[in-house]
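# Geometric and topological summary
Read off the chains here:
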Amino acid sequence: MKNRFLFLVVFSLLLVASSVVMAEDVIKIGVFEPMTGPFAVGGELSMMGYKLAQEHNPTVLGKKVELIVVDNKSDKVEAANAVERLINNHKVVAILGSYSSGLSIPGGEVADKAGIPMLTATATNPLVTMGKDYVFRACFIDPFQGSAVAKYAYNNLGLRKAALLVDVAQDYSVGLANFFKKTFEKLGGEIVTNLKYQTGDQDFSAQMTEIINSGAEVLFFPGYFGDVALIAIQGRELGFKGAYMGGDTLDNPKLLEIAKEHAEGVVATSFYHPEAPATTEISINFVKSFKEKYGENPNAVSVMTYDAYNLLLDAIERAGSTDPNAIRDALAATEGFVGAAGTITIDENGDAIRPAVVLKVKDGAFHYEATINP
Amino acid sequence: MSLSIFLQNIANGLSLGSLYALIAIGYTMVYGILRLINFAHGDIFMLSTYFVFYGILIFSLPWWLSFIIAIILTAFTGMLTERIAYRPLRKAPKISLLISAIGVSFFLENAGVVVFSGIPKSFARPELFDTMLIFKDIRISTINIVSFIISIIFLMALLYIVYKTKTGLAMRAISVDVETSKLMAIDVNKTISITFGIGSALAAVGGVLWALKYPQIFPFMGIIPGLKAFIAAVVGGIGNIPGAMLGGFILGLTEIMLVGFMPELSGYRDAFAFLILILILLFKPDGLLGKNVQEKV
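Note that the structure is a prediction, hence the values are computed from the model and not measured.

About the criteria used
Sequence order as written defines residue numbering, which begins from 1 separately in each chain. Here the convention is simple: chains get letters from A, ligands get numbers from 1, in the order in which they are written. Reporting in this predicted model follows two pLDDT cut-offs: at least 70 for local features of residues, and 80 or more for side-chain atom pairs to be given and counted; totals over whole chains, interfaces and linings ignore these cut-offs and use all residues. Between N-to-C directions, angles span 0 to 180 degrees; the directions come from axes that are lines fitted to C-alpha atoms, helices contributing only their stretch in contact. Comment: elements are numbered from the N terminus, with helices defined as DSSP H or I runs of at least four residues and strands as E runs of at least two. For classification purposes, an angle smaller than 35 degrees is called roughly parallel, one larger than 145 roughly antiparallel, one from 65 to 115 roughly perpendicular, and anything else oblique. Each crossing gets its hand from how the near helix is turned against the far one by less than a right angle, where anticlockwise is left-handed and clockwise is right-handed. We call two residues in contact when their backbone-placed C-beta atoms lie within 7 Å. Think of it as three bins: nonpolar holds Ala, Val, Leu, Ile, Met, Phe, Trp, Tyr, Cys and Pro, charged holds Asp, Glu, Lys and Arg, and polar takes everything else, Gly as well. Remark: nonpolar core denotes a set of buried Ala, Val, Leu, Ile, Met, Phe, Trp, Tyr and Cys residues whose joining runs through C-beta atoms within 7 Å. Residues are called buried when their C-beta atom has 20 or more other C-beta atoms within 10 Å, exposed when it has 12 or fewer, and partly exposed otherwise; all C-beta atoms are positioned from the backbone. Source of the domain bounds: an automatic or database domain assignment. By this definition, two strands are paired if DSSP reports at least two bridges between them. pLDDT expresses, on a scale from 0 to 100, how confident the predictor is about each individual residue. Expected helix span is taken as 1.5 Å per residue step, with the number of steps being one fewer than the number of residues.

Residues and elements named next belong to chain B. Direction vectors running N to C along helix H3 (residues 63-86) and helix H4 (residues 94-116) enclose 125°, while the axes themselves pass 10 Å from each other. In this view, H3 runs oblique relative to H4, as classed from their interaxial angle. Along this stretch, H3 crosses H4, giving a crossing that reads as right-handed. Contacts from Thr81, Ala85 and Tyr86 of H3 reach H4 at Leu97, Ser100 and Val104. Looking at the contact of H3 with H4 residue by residue, the class counts come to four nonpolar, two polar and no charged.

Quoted interface sizes are often the accessible area lost when the parts come together. Each partner contributes to the interface: chain A provides 31 residues, whereas chain B provides 25 residues. Taken together, the elements giving at least two residues each to the side of chain A that touches chain B come down to helix H2 (40-56), strand E8 (190-197), helix H7 (205-213), helix H8 (225-237) and helix H9 (253-259) of chain A. Examining the composition of the side of chain A that touches chain B, we find that six residues originate from one element, H7(A), more than from any other. When its residues are assigned to classes, the side of chain A that touches chain B shows twelve nonpolar, twelve polar and seven charged.

With 210 residues, the main nonpolar core has Met304(A), Leu312(A) and Ile25(B) as its most contacted residues. Among the elements that line this core, the one with the most residues is helix H1 (residues 3-34) of chain B, at 16 residues. For this core, the two domains that each supply at least three residues are domain 1 (4-140 + 280-354) and domain 2 (143-270) of chain A. Contacts of Leu312(A), omitting those with residues within four sequence positions, involve Ile29(A), Ala94(A), Leu96(A) and Leu119(A).

All names here are of chain A. Judged by pairing direction, the sheet is mixed, and its six strands sit side by side in the order E2-E3-E1-E4-E5-E6 without closing on themselves. Here the strands that pair on one side only, and so sit at the sheet edges, are strand E2 (59-60) and strand E6 (135-137). Taken together, the three bridges between strand E5 (residues 118-120) and E6 define a ladder with parallel strand orientation. When the sheet's bridge partners are listed, Met118 is paired in E6 with Val135. Across the sheet, H2 is in contact with strand E1 (26-33), strand E3 (63-71) and strand E4 (94-96); its angle to E1 comes to roughly 160°. Lying over the sheet, helix H3 (residues 76-88) contacts E1, E3 and E4, oriented at roughly 175° with respect to E1.

This next bit is on the confidence of the model for chain B. Looking at chain B as a whole, the pLDDT averages 89, with 97% of positions reaching at least 70. For this predicted complex, the interface score ipTM comes out at 0.88, while the overall pTM is 0.86.

Turning next to the domain arrangement of chain A. Residues and elements named next belong to chain A. Taken domain by domain, chain A holds domain 1 (4-140 + 280-354) and domain 2 (143-270). Distance from the C-alpha centre of domain 1 to the C-alpha centre of domain 2: 30 Å. Between domain 1 and domain 2, the contact holds 15 residues from the first and 18 residues from the second. For the side of domain 1 that touches domain 2, the element with the highest residue contribution is helix H4 (residues 101-114), accounting for three residues. Its residues assigned to classes, the side of domain 1 that touches domain 2 comprises eight nonpolar, seven polar and no charged.

What follows concerns helix H11 (residues 300-319) of chain A. Look at H11(A): 28 Å from first C-alpha to last across 20 residues, which is about the 28 Å you get at 1.5 Å a residue. Among the 20 residues of H11(A), 18 are classified as buried, and the element is accordingly described as predominantly covered.

With that settled, the discussion passes to the environment of Gln54(A). Residue and element names in this part refer to chain A. Looking at the element boundaries, Gln54 is found in helix H2. Owing to 19 C-beta atoms within 10 Å, Gln54 belongs among the partly exposed residues under this scheme. Sequence spacing of Gln54 and Phe225 is 171 residues, and the spatial spacing of their C-alpha atoms is 27 Å. Leaving out residues up to four positions away in the same chain, Gln54 has contacts with Val65, Leu67 and Tyr309.

Residue and element names in this part refer to chain A. Strand order in this open sheet of seven strands is E8-E7-E9-E10-E11-E15-E16, and the pairing throughout is mixed. The outermost strands of the open sheet, each flanked by one partner alone, are E8 and strand E16 (365-372). On average, adjacent strands in this sheet sit at an angle of 25° to one another, irrespective of strand direction. The pairing of strand E15 (residues 356-362) with E16 spans seven bridges and is classified as antiparallel. Bridged to Val361 within E16 is Phe366. On the sheet, helix H6 (residues 171-187) packs against strand E7 (161-167), E8 and strand E9 (218-220) and is oriented at approximately 165° with respect to E7.

All names here are of chain A. Here the amide bond leading from Gly97 into Ser98 is cis, since omega sits at 0°, within 30 degrees of zero. As for its position among the elements, Ser98 is in the loop between E4 and H4. A positive phi angle is found at Lys73, which is not glycine, with a value near 55°. Structurally, the position occupied by Lys73 is in the loop between E3 and H3.

Shown next as structure tokens:
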């Protein structure tokens, strides 16, 4: 322990926290997600998964689970505040969230300092868990995703010249673009132009004109769905004929709703797709109950948060107590947890090792193309 | 950079600039008369797109009718904010008015989140505005041409109102001296109300054209266009109507050309816009077309 005093403070805080929870006879789990702001759709999809999971598994250790949801407003500072509030005001024993790496990094820092375990379902940037003992994730990380999508572009689609359009305000976007670039160049491909924008920009005509001019065969745009939808529209309008590719954030119904026919042919890596060979009973059951509850096909974000909730409950069950340190150790020891989106094994960094699926937009919907194993 | 790419960039810049110009005109008009920087202008702009959205979605109005109704509703919203948030402060120091404007801006944004939800919505584009015109290598969307023409038309109309009508005369009189205008039997409240109505209607026209071009609407969409329009108005000389138009086009072209000529700087686009603002404020605070007016003591 680096700092004995801090340890003591944290430890006594935890004692207080756990005694409060014991007294109330419910187990409080904090959730921080973007319910408003540009990533609100991500937050909404995340909540769909948590809620369904809570319906299926409402208790752990014989006590009721109470989810305390705090909006992080798609804002990095608010994300840290949200976690602070969950820990100090609500005395939660563990935290789920958040959609977006940029929000999970500051949130995770607060949780890690306070010694409360946090589990994110979909934040893929390596920095989310790096150097943090109490932060875990249920998804793969961007070095794997970036290299998977670069290999798919080079080997399966035969593309050699790529352009990048990166959201410099998002850790996720900058990270994933770099990992894509590394693998694509190592394979022998060329990055013909590397352009930037910032979250919330709406005019991309100058960037797209430059990209068309560069002769790129594929545009890799690892941004969030809203911005990417506008890029896709403006690119096609200005006459870009190459392929569009991106990461898991593209797998979002809003992208298709906003970009409409201009989203046709978009290729993206993701965590899960209902068309992918369903392996376990739990995934078949998940698809069925999701359709019943929400009247639509499940999406990758909801299935991941569904699994994250269940994994956290499983860890609490294995820990046999609500002591945050015990939960943390149980999460770290996760091996072969069977979720709806596949099996989760947590490695020494707190990251899940699991395959990625490649999806493609055809006739206004994402369809399954391939599975890439780590 | 080849000629065709240069021309394509000019076309992109003019189309972005015409949208900035439309929003900037409304900004500058309110400032010219009330000496108030109406920071809620960008949020009024945002409201107009939601009016169209719900007009089409809930009342199944045809798009053109929905546009017209949205513009009228937005004009009334602008007049209402003036009535509630600015008129009671008419005699207060200018700084209180400015703070009230910032308050209105925050209120509209957050009320938008509550009422419309923070989730972005897809804005329906009628086919007419979704068509690409191709001249050799240059591609221009019909919406770009429409927004360019509309901004010129509204500039003319506004110049006519301000310089050729009685209301315009009253507006100009108020901008010089409110008290004396009252003595000359000018209905100050009514004239200021009309100014806000016209300014907000222009924001609505800008908003609808913006949403047709970038078909994604959300409660915070007005912040950046509002700031850009503010920069455009200052560059042109705040209070000066043709100046706002000029400032809008200059800003639009500069932003696009920055990315065109120096692609590696594309992430600094907004920073560059603010740099222009700072340079103008440092070296030509009255703007390009602004007159150097002595403050009355």
